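# Structural description and commentary
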Amino acid sequence: MVATLWPVEDESASRFAARFYDRLTGEGTAAALAHAQREMLADPGTAHPYYWAGYQDAGRDAGRIPQTVDARRSSVSVSR
């Protein structure tokens, strides 16, 4: 879950959500959140922390950045 610590402006929230959800599936919550925050920071129109710093991840996977696994290089052995 991603929530804000303070009320946010609708237009910047929409931009933030688009950036966040574009990355969410491939990167996980924490990485997608950090990426969206950095993009907002880099944009002169939303560089002020008001627009991006209030977003926080919470819940079961909060702060966890998953490891990427390359299935071609991975091997699993199962013993019985």
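Residues numbered from 1 in each chain as written. Predicted model: local features only at pLDDT ≥ 70, side-chain atom pairs only at ≥ 80, totals over all residues. Heavy atoms only, no water.

### What to know about the packing of helix H1 (residues 10–27) against helix H2 (residues 29–42)
Running from amino to carboxyl end, H1 crosses H2 at an angle of 140 degrees, the nearest separation of the two axes being 8 Å. The angle between the axes of H1 and H2 places the two elements in the oblique class. Crossing geometry of H1 relative to H2 is assigned as right-handed. Between H1 and H2, the contacting residues are Ser-12, Arg-15, Phe-16, Arg-19, Phe-20, Arg-23, Leu-24 and Glu-27 on the first element and Thr-29, Ala-31, Ala-32, Leu-33, His-35, Ala-36, Gln-37, Glu-39 and Met-40 on the second. Split by residue class, the contact of H1 with H2 holds eight nonpolar, four polar and five charged. (Axes fitted to C-alpha atoms, helices over the stretch in contact; angles between N-to-C directions. Helix = DSSP H or I, 4+ residues; strand = E, 2+ residues; numbered from the N terminus. Parallel < 35°, antiparallel > 145°, perpendicular 65-115°, else oblique. Left-handed = near helix turned anticlockwise from the far one by under 90°. Contact = heavy atoms within 4.5 Å. Nonpolar A, V, L, I, M, F, W, Y, C, P; charged D, E, K, R; others polar.)

### Examining the packing of aromatic side chains
Under the counting rule described, the total for this entry stands at three aromatic pairs. Plain terms: the ring middles of Phe-16 and Tyr-55 are 3.6 Å apart, the flat faces sit at 10 degrees to each other, and that makes the pair stacked. Placement of the pair is Phe-16 in helix H1 and Tyr-55 in strand E2 (residues 55–57), with a sequence separation of 39 residues. You can call Phe-16 buried: its relative accessible area is 2%. (Phe/Tyr/Trp six-rings, centres within 6.5 Å; stacked < 30°, edge-to-face > 60°. Buried < 20%, exposed > 50% of the residue type's maximum accessible area, 1.4 Å probe, protein only.)

### Considering the confidence of the model for the protein
Predicted confidence across the protein gives a mean pLDDT of 79, with 74% of residues reaching 70 or more. Every residue in residues 66–80 scores below 50 in pLDDT, and together they form three contacts with partners more than four places removed in sequence or on other chains. (pLDDT = per-residue confidence, 0-100.)

### Some words on the environment of His-35
Summarising the element assignment, His-35 is placed in helix H2. The class of His-35 is buried, set by a relative accessible area of 16%. Each C-alpha atom, one on His-35 and one on Phe-20, is 7.3 Å from the other, the two residues being 15 residues apart in sequence.

### Considerations on H2
Here H2 is 14 residues long and its end C-alpha atoms lie 20 Å apart, about the 20 Å a rise of 1.5 Å per residue gives. Listed in full, the buried residues belonging to H2 are Ala-30, Ala-31, Ala-32, Leu-33, His-35, Ala-36, Gln-37 and Met-40. (Expected span 1.5 Å × (residues − 1).)

### Overview of the side chain of His-35
A polar atom in the side chain of His-35 sits 2.6 Å from the side chain of Glu-39. If near-sequence neighbours (up to four positions away) are discounted, His-35 is found in contact with Arg-23 and Glu-27. (Polar contact = N/O pair within 3.5 Å; in protein donor to acceptor, adjacent residues only side chain to side chain.)

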